[in-house]
Amino acid sequence: MTFRVLAGQLMHETNTFSVQPADIPAFEKLFCYRGADEIAEHLTGTNCETAGFMAAAEAHGWELIHTVAAFANPCGKVTDEAFETLGGLILEGLDANPDVDGVLLALHGAMVTDTYEDAETELLKRARAIVGDETPIAVTFDLHANVGPEVAELANIVCSYKTYPHVDMAERGRQAGDLLQRAMAGEIRPRTFLARRPLFEGADGGRTDAGPMLDLQAKARRFEAEPGVLNSSINAGFHHSDIFDVGPTVLITGDGDDPRYQAMAEELMDDIWARRDEVTNQYLTSGQAADVARRHNYNGKPLIIADYADNPGAGAYGDATNLLKAMLDEKLEDACFGALRDGEAAAALVEAGPGATVTLAVGGKTDAKFGGPPLTLTGAVVHAGDGTYTCDGPMWAGMTKSFGPSAVLRVGGVDILVVTNLLQITDMQQFLTNGIDPRKKRTVALKSMQHFRAAYQPIADKVIVCDSGALASPDSSRLTFRHIRRPLYPFDDVTL
Ligand SMILES: [Zn+2]
């Protein structure tokens, strides 16, 4: 028999401290495809969850009902209008097809809307109300999901990314699809089990290339190899979020109701608790990072400086100037810096055009207390373009995205990539399509926490990490948390 499966992707990582809302235009800037034709045209064969859903549909001969595939760059809360409109496409699809055999949803897990602190739980509740208790629902989450306890009751199958940098989106989509197939065929009766502790952040921010996550993920894979265990997911959580259910969780999806599943989730959570203070990164100030760059012995490969705190991938504004100012003060040569999001400056630079010498204020315009004030700079425009690029690195390979109108301003020895749309640096094409070859620079400063490593670690002589004081600083002490559950470590002295 041919199974009918309804699929939807609606993702946002919400930094509740950002003043920039995720409205419908914010989704459309990254991607927002509606209906089967648009989704298939843009996402087939790419490294995203929906592509994995499509691969599963083809392998298992399903009739796949597409609804929406939408993803906004991390920023402030999702507007009610965006949630109801885009989430509404999934729910309308279910209303029209309440007898589907299964449901596949690609969610982030850290989406907060104007009304709902835990928007994924709300969406799952509404979906469950339409399809009833017997229809299996499979969900993928980002590794940085803040998972509320009701998710375990609402979703039969949960598959979170196992990598950070995230490079397994399509793979997890396919895995969720394959498990859904087995559930629909009656081979398995999957249930999900959740564990957490009174913990605000942990698992080393989720990075899977070093530190405690190596051991945690290895144990999770061992659990996954045990009879009956279908998936073992570690969610590091997303702590730039002032919500009750913030923090790390472990989710085990098992066949049937065996107490071993909860025990495995608890054991992994115990490990996360025991290693809660382990952090692999060493954070330098902007001045220290620029000083390291000035003294660095160039051997043909660049020194990479990650502007961790101004990571647009964590909802920071992407316009912090502290690190750029330090690099200019140190008079670095053969350096690049990007992407600095300042639509006003980008428009002025594009208008002036390559070859022009201009003086203008760049960056620092959203909130100067997070990362520094605007810098008034004089330099030459060396490139201008529409900012469109197609990823060729491991993350989101094959997907086309756009910085919007973009230009490169050369000030002293630093090429500054100034863009319109907020996007983290994850791919070499982001610089290359703007005329900057990072492989040929002595110093590459980029706005990203960890995702850059997928494409940039292989070309780097060395990577250093900078806390420029921007909104996504690892130091949360400048933010006021009012809605988190208490007690919660490290805000409270918790003993278990
Ligand atoms: Zn993530």
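Shown above is the structure to which this text applies.
The structure displayed is predicted, hence computed values, not measured ones.

A. The coordination of the zinc ion, seen in detail. Of the protein atoms, only Asp 142 (OD), Asp 142 (OD), His 144 (ND1) and His 166 (NE2) coordinate the zinc ion, at distances of 2.1 to 2.7 Å. Note that the zinc ion binds four donor atoms; their angles at the metal cover 52 to 144 degrees, and the shape is irregular. Donor residues for the zinc ion, ordered by position in the chain, follow D-x1-H-x21-H. Residue His 144 is found in the loop between strand 5 (137–141) and helix 6 (151–154), and its partner His 166 is found in the loop between strand 6 (157–160) and helix 7 (169–184); the two are separated by 22 residues along the sequence. Given the relative accessible area of 3%, His 166 is considered buried.

B. Examining the side chain of Thr 121 more closely. Its place among the elements puts Thr 121 in helix 5 (residues 119–131). Sequence-distant contacts of Thr 121, defined by excluding residues within four places in its chain, comprise Glu 150, Val 151 and Leu 154.

C. Region of the structure containing the pattern of salt bridges. Applying the stated criterion across every chain, the model contains 39 salt bridges. One salt bridge in this structure joins Lys 219 and Asp 271, with 2.8 Å as the shortest N-O distance. In this pair, Lys 219 is assigned in helix 8 (residues 212–224) and Asp 271 in helix 9 (residues 259–274), connecting sequence segments 52 residues apart. The exposure class of Lys 219 is buried, given its relative accessible area of 14%. Overall, the relative accessible area of 24% leaves Asp 271 in the partly exposed class. For Asp 415, the salt bridge goes to Lys 441, with nearest N and O atoms at 3.1 Å. Of the two residues, Asp 415 is situated in strand 18 (residues 414–419) and Lys 441 in the loop between helix 13 (429–432) and strand 19 (443–446); the sequence distance between them amounts to 26 residues. As far as the burial class goes, Asp 415 and Lys 441 line up, both buried.

D. The arrangement of unusual backbone geometry in detail. Note that the residue after Tyr 164, namely Pro 165, is joined by a cis bond; omega there is 10 degrees. Within the fold, Pro 165 resides in the loop between strand 6 and helix 7. Look at the link from Tyr 489 to Pro 490: it is a cis peptide, with omega at 5 degrees. Within the fold, Pro 490 resides in the segment after strand 20 (462–466). Positive phi values are uncommon outside glycine, yet Asp 204 reaches one of about 55 degrees. When its relative accessible area of 10% is taken as the criterion, Asp 204 is described as buried.

E. Local environment of the sheet that holds strand 11 (residues 303–307). With mixed pairing, nine strands are arranged side by side in an open sheet as 10-20-11-19-12-18-17-14-13. Whereas interior strands pair on both sides, the edge strands pair on one side only; in this sheet they are strand 10 (283–284) and strand 13 (357–362). Looking at chain direction, strand 17 (residues 406–411) and strand 18 are connected through five bridges and run antiparallel. Within strand 18, the residue paired with Arg 410 across the bridge is Asp 415. The sheet contacts of helix 10 (residues 286–295) involve strand 10, strand 11, strand 19 and strand 20, and relative to strand 20 the element is tilted by about 160 degrees. The sheet contacts of helix 12 (residues 343–352) involve strand 12 (335–341), strand 13, strand 14 (375–385), strand 17 and strand 18, and relative to strand 13 the element is tilted by about 170 degrees.

How each quantity is defined
Residues numbered from 1 in each chain as written. Predicted model: local features only at pLDDT ≥ 70, side-chain atom pairs only at ≥ 80, totals over all residues. Heavy atoms only, no water. Donors = N, O, S within 2.8 Å, 3.2 Å for Na, K, Ca; no water. Tetrahedral: all angles 85-135°; square planar, octahedral: opposite > 155°, others 65-115°. Helix = DSSP H or I, 4+ residues; strand = E, 2+ residues; numbered from the N terminus. Buried < 20%, exposed > 50% of the residue type's maximum accessible area, 1.4 Å probe, protein only. Contact = heavy atoms within 4.5 Å. Salt bridge = Lys/Arg side-chain N within 4 Å of Asp/Glu carboxyl O. Pairing = 2+ DSSP bridges. Axes fitted to C-alpha atoms, helices over the stretch in contact; angles between N-to-C directions.

Purely geometric numbers; function is a separate question.
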